[in-house]
Each structure stands twice: as structure tokens, then as C-alpha cells.
Amino acid sequence: MPEARLHRVSSQRFQSAFRMIAVALCATAFLLPASQAAKHPDAGSTKRAQASAGAKQKPAVAAKSAPAKAARASKVDRAEKADRSVRAGKNVVATVRTRHGRTVVAVQRRSVVRLADAAPPRLSYGQLAGLHSQDELDLKSSVALVIDQDTREVLFSKNDHAVLPIASLTKLMTGLLVSEARLPMDEPIMITEEDIDTEKFSRSRLRVGTTLSRGELLHLALMSSENRAAHALGRTYPGGLATFVSMMNAKARSLGMKDTRYVEPTGLSSGNQSSAQDLALLVNAASADATVRELSTSPEYQVEVGNRMMQFNTTNRLVKNPDWDIGVQKTGYISEAGQCLVMQTKIAGRKLIMVFLDSAGKLSRIGDAERVRRWVEATQLMSTPAARHQALTVGVAG
């Protein structure tokens with residue numbers, strides 16, 4: 001009789017070693033006769049001779065056992081061709097393979113993902129501060145501000161002085177500084193290792209070594225919120241990145257943005273923070289810059305990278321909506337800031353500045369803008385200015 005081969009099972013990999021060994025031994029014992037029969041045809045002939053001799057003495061028994069032997073032979077043939085899986089507990093499976101008379105048992109432990117052990121979703125700063133409260137318009141944003149750009153009348157406000165991370169709304173200041181610097185827009189700028197996101201490890205379609213003009217990078221930063229484009233713009237600013245960030249903060253102070261602080265030009269850092277009141281001032285200034293207006297409201301843009309054209313699209317679907325007349329806009333998102341949106345738009349004949357911060361849900365910032373638009377259109381239909389002013393100020397949260 002040939003010796004059975006031992007298959008080692010690593011105790012470090014399988015904690016249920018005894019259970020798996022038992023399964024392997026059972027599977028081997030089940031298929032071992034078939035393996036021996038295949039390896040020792042002489043032994044099979046001897047058994048058949050003995051069976052023939054016994055048949056002379058007990059023909060009835062031999063007649064009954066013939067179909068059973070045929071069935072067993074058929075099973076052996078099938079075992080030679082098919083694999084068998086034997087469960088040995090909740091997460092342990094033994095696979096038995098028979099090939100050319102050899103029996104191999106492979107024991108595997110299935111990995112199990114436990115949802116209970118998964119990390120809970122990261123809360124935004126607004127959620128941690130308890131700013132997700134109900135308001136008259138049922139907005140999903142923690143912070144909201146709607147101002148008439150011409151009269152400076154506050155139509156709606158909610159936690160408008162709260163200072164929160166602003167994500168890629170940062171790029172509106174980045175774009176405004178680059179535009180006002182009057183730098184050559186056709187100057188080629190190469191994406192380098194320095195432009196790779198080491199804050200959130202976000203992806204980018206602009207690979208290291210890609211060369212685009214400053215104007216193209218500015219377009220992608222404002223329209224598609226391209227992080228490497230924005231960082232490259234700050235890095236190549238006269239004086240370098242540190243000077244550019246310093247200029248960002250200086251510009252904020254000149255605009256009266258007292259609650260605003262910038263630490264880098266993309267918005268990937270939660271250290272870039274501001275309030276709705278301050279961001280309304282930034283949107284007002286950006287709307288006066290023709291370059292920022294044009295590029296931020298562009299629906300799509302193509303750039304040539306190497307031998308192929310790459311198309312980028314806006315991050316704000318309202319830009320393509322014919323019901324909206326948008327003069328300048330910017331979106332933003334990181335987990336600390338939630339979904340953010342700022343716009344200068346015209347509704348019911350009025351130029352309005354809208355700011356939405358820390359909105360919960362991927363499309364909730366768009367939904368909040370739509371709610372405000374419908375509300376403004378409805379209240380604008382009121383006949384007397386006094387009645388309209390009363391309706392607009394009812395239920396406004398500070």
C-alpha cells in the first residue's frame with residue numbers, strides 16, 4: 001500500500017487547524033480506495049479473481065453485487081475528473097482534487113468582511129458643531145446666505161458667521177489672484193511631483209510631466225476644480241508658493257474677509273477656512289473679473305496632452321441648466337467641509353449672491369440652490385415692497 005502524503009497547514013494562517021486536518025483526512029480516506037485501485041491494477045485483478053471464485057459458491061450474491069460494482073467504478077471515474085468541495089465550518093472550505101490517481105486536498109479560509117468593524121463615516125466640522133438645524137426653506141446646508149448684490153439686502157441667512165473649511169471654494173481666490181497678476185497666459189507650465197496631492201491623495205488626470213499653458217491650467221482649476229492645476233498656478237507664481245499663499249491672505253484682508261485664512265491654493269487642506277459673510281465678499285469681487293467669470297462658468301473644455309485631446313467638464317450642473325443665469329460660480333468638497341457652492345446669479349430680475357456650506361449629500365447643494373430660486377421667484381410676485389420684505393425676513397436664522 002502506498003504511503004499517504006502529509007499536507008502541512010500553517011498554524012499562523014489557519015486558526016482552525018484541527019478542523020481542517022479532520023476534513024483533509026476524511027476526504028483522503030474517502031478517495032484513497034479509488035487512488036489505490038488506479039495505481040495497483042494487479043490488486044484489482046486479484047480481487048476480481050477472488051470474487052469470481054466466490055461467485056461459483058454464491059451465484060445469487062454475485063449477481064446482486066455486479067450492479068453495485070459498476071456504480072462504484074462509475075463514481076471512481078467521475079472522481080478522477082471532478083473536484084470536490086467540503087465545508088469545514090463557517091469560513092473553511094477543503095477542495096479535493098483527484099488527478100491521475102493522486103489525491104490532493106487544498107484547505108482554504110475565506111476572508112470575511114465585518115461591517116461592524118468598518119470605520120464610521122467622518123463627520124464634517126459643521127456636523128460636529130451641531131449646525132445641521134432646520135430652517136424655513138428646509139435647506140440641507142449647515143450654512144447659507146443669499147444677498148442682493150446691488151442693494152446688499154440679506155434675503156436669507158443661516159449660521160452665516162460660522163467659520164468652516166471651504167474646500168475647493170479656495171480656487172476662486174486662486175483664480176482671482178492669477179488673473180489680476182496679469183501673468184502671461186500662454187506661458188507653458190509643467191506638472192511636477194510637487195503638485196501631487198499629499199493631503200487627501202486625490203487623483204488627477206494631469207500626470208507628472210504634462211505641460212499646459214497658464215491659461216489652460218487656470219481654466220481647469222476654475223471649471224473642473226483640478227487640484228494639480230491650481231497647485232501649479234500657485235507654485236509658479238512670482239516668488240513661489242509661499243508668496244502666493246501670503247498674497248491670498250493679503251487679498252482676503254483687503255476685501256474685508258476677517259474670518260478667512262488660506263494655507264494652500266487648492267482647498268484640499270481643512271486649514272483653508274472662511275464664513276459665508278466673507279465668501280459673499282469674494283464672490284462679489286470675482287464677479288467683477290471678466291476672466292474668472294468666463295472660465296468658472298464654462299461648461300466644458302478640451303486640452304491637448306501629448307498626441308491626444310482630453311475633455312474636462314464643469315463640476316456644477318447648474319451651469320448647463322437653461323433655467324439658470326450664472327455669472328460666476330465655484331463648487332467644493334472635502335469630508336471636513338461637506339458639499340459647498342457659491343454663485344452669483346440673476347433670479348427674477350435681481351442679481352443675487354448665494355453661499356452654501358457643509359451641505360449633506362452629493363446633490364444637496366444643488367437642491368438647496370433650486371429651493372432658494374423657487375422661493376425668491378415666489379416671493380417676488382408679491383405686490384407691495386413692504387409685504388415682500390416681511391416675507392423674506394420671516395424665519396431667518398442667524
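Just so it is clear, the structure is predicted and the values come from calculations on it, not from any experiment. (Residues numbered from 1 in each chain as written. Predicted model: local features only at pLDDT ≥ 70, side-chain atom pairs only at ≥ 80, totals over all residues. Heavy atoms only, no water.)

**Student:** I keep staring at helix 8 (residues 241-254) and nothing clicks. Help me out?
**Tutor:** It helps to recall that an α-helix has 3.6 residues per turn; residues three or four apart then point in one direction. The end-to-end C-alpha separation of helix 8 is 20 Å, in line with the 20 Å expected for 14 residues at 1.5 Å each. For helix 8, the complete set of buried residues consists of F244, V245, M248, N249, K251 and A252. Buried positions in helix 8, seen along its axis, are confined to an arc of 160 degrees and lie on one side of it. Opposite its buried face, helix 8 presents the exposed residues A242, R253 and S254, each directed more than 90 degrees away. Where helix 8 is buried, its residues meet helix 5 (170-180) and helix 7 (227-235). (Helix = DSSP H or I, 4+ residues; strand = E, 2+ residues; numbered from the N terminus. Expected span 1.5 Å × (residues − 1). Buried < 20%, exposed > 50% of the residue type's maximum accessible area, 1.4 Å probe, protein only. Arc of directions from axis to C-beta. Contact = heavy atoms within 4.5 Å.)

**Student:** Please explain the environment of T315 as it appears in this structure.
**Tutor:** Relative to the assigned elements, T315 resides in the loop between strand 11 (308-313) and strand 12 (326-334). Judged by its relative accessible area of 31%, T315 is partly exposed. In this structure, the C-alpha to C-alpha distance between T315 and E226, residues 89 residues apart in sequence, is 10.0 Å. Beyond its immediate chain neighbours, meaning those up to four positions away, T315 contacts M223, S224, S225, T331 and R365. Polar side-chain contacts of T315 include one of 2.6 Å to the side chain of T331. (Polar contact = N/O pair within 3.5 Å; in protein donor to acceptor, adjacent residues only side chain to side chain.)

**Student:** Please clarify how a nonpolar patch on the surface should be interpreted in this entry.
**Tutor:** A cluster of nonpolar residues, L123, Y125 and L128, forms a patch on the protein surface that exposes about 300 Å² of accessible area. Secondary-structure assignment places L123 in the loop between strand 3 (102-109) and helix 4 (125-128). (Patch = residues over 30% accessible without salt bridge, like charges linked within 9 Å, V, L, I, M, F, W, Y side chains within 5 Å. Areas by Shrake-Rupley, 256 points an atom, 1.4 Å probe, with all protein chains shown as cover. Salt bridge = Lys/Arg side-chain N within 4 Å of Asp/Glu carboxyl O.)

**Student:** Please explain the confidence of the model for the protein chain as it appears in this structure.
**Tutor:** When pLDDT drops low, the exact placement of atoms in the prediction is not to be read closely. Per-residue confidence for the protein chain gives a mean pLDDT of 81; residues scoring 70 or more make up 66%. Counting interchain partners and residues more than four positions distant, the pLDDT-below-50 stretch residues 394-398 has 11 contacts. (pLDDT = per-residue confidence, 0-100.)

**Student:** Where do I start with the sheet that holds strand 12 in this structure?
**Tutor:** Within a sheet, each strand pairs with its neighbour through backbone hydrogen bonds, oriented either parallel or antiparallel. Taken in spatial order, the 5 strands line up as 5-4-14-13-12 in an open sheet, and their pairing is antiparallel. Every other strand in the sheet has two partners, leaving strand 5 (154-158) and strand 12 as the edge strands with one partner each. Across the sheet, the mean angle from the axis of one strand to that of its neighbour is 10 degrees, orientation sign disregarded. Relative to strand 5, strand 4 (residues 141-148) runs antiparallel, the two being bridged by 4 bridges. Looking at strand 5, one finds that V146 is bridged to F156. Those strands touched by helix 11 (residues 364-380) are strand 4, strand 5, strand 12, strand 13 (338-347) and strand 14 (350-359), and its axis lies near 145 degrees from that of strand 14. (Pairing = 2+ DSSP bridges. Axes fitted to C-alpha atoms, helices over the stretch in contact; angles between N-to-C directions.)

**Student:** For this particular structure, what's the right way to read the side chain of R228?
**Tutor:** Here R228 shows up in helix 7. The charged side chain of R228 is buried without a salt bridge, its nearest counter-charge being E226 at 6.0 Å. Residues in contact with R228, not counting those within four places in the same chain, are I191, D195, I196, S204, L206, R207 and V208. (Lys, Arg positive; Asp, Glu negative; His and termini not counted.)

**Student:** Could you clarify how one ought to interpret the packing of helix 5 against helix 9 (residues 276-286) in this entry?
**Tutor:** Packed helix pairs are specified by the crossing angle of their axes together with the interaxial distance, meaning the distance between the axes. Where helix 5 meets helix 9, the axes come as close as 10 Å, and the angle between the chain directions of the two elements is 35 degrees. Relative to helix 9, the crossing made by helix 5 is left-handed. Here helix 5 contributes L172, M173 and L176 to the contact with helix 9, which in turn contributes L282, V283, A285 and A286. Taken together, the residues that form the contact of helix 5 with helix 9 break down as 7 nonpolar, no polar and no charged. (Left-handed = near helix turned anticlockwise from the far one by under 90°. Nonpolar A, V, L, I, M, F, W, Y, C, P; charged D, E, K, R; others polar.)

**Student:** Looking at this model, I keep getting lost on the environment of D368. Mind explaining?
**Tutor:** Along the chain, D368 falls in helix 11. Note on D368: relative accessible area 0%, which makes it buried. Here the alpha-carbon distance between D368 and A144, two residues 224 residues apart in the chain, equals 9.0 Å. Leaving out residues up to four positions away in the same chain, D368 has contacts with L139, K140, S141, F356 and S359. Separated by 2.9 Å, the side chain of D368 and the backbone nitrogen of K140 make a polar contact.

**Student:** Explain helix 6 (residues 214-223) to me, please; I cannot follow it from the model alone.
**Tutor:** Summarising burial for helix 6: 10 of the 10 residues are buried, a large majority. Taken residue by residue, helix 6 has R214, G215, E216, L217, L218, H219, L220, A221, L222 and M223 as its buried positions.

**Student:** I tried to follow the pattern of salt bridges on my own but got confused; where do I start?
**Tutor:** When the charged atoms of two side chains lie near each other, side chains of opposite charge can form a pair. Using the criterion set out here, one finds 12 salt bridges in the structure. A salt bridge links R214 to E187; its shortest N-O distance comes to 2.9 Å. You can see R214 sitting in helix 6 and its partner E187 sitting in the loop between helix 5 and strand 7 (188-190), a full 27 residues away along the chain. Its salt-bridge partner being R371, residue D368 comes within 2.9 Å of it at the nearest N-O pair. Within this pair, D368 and its partner R371 are both found in helix 11, separated by 3 residues, close to a single helical turn.

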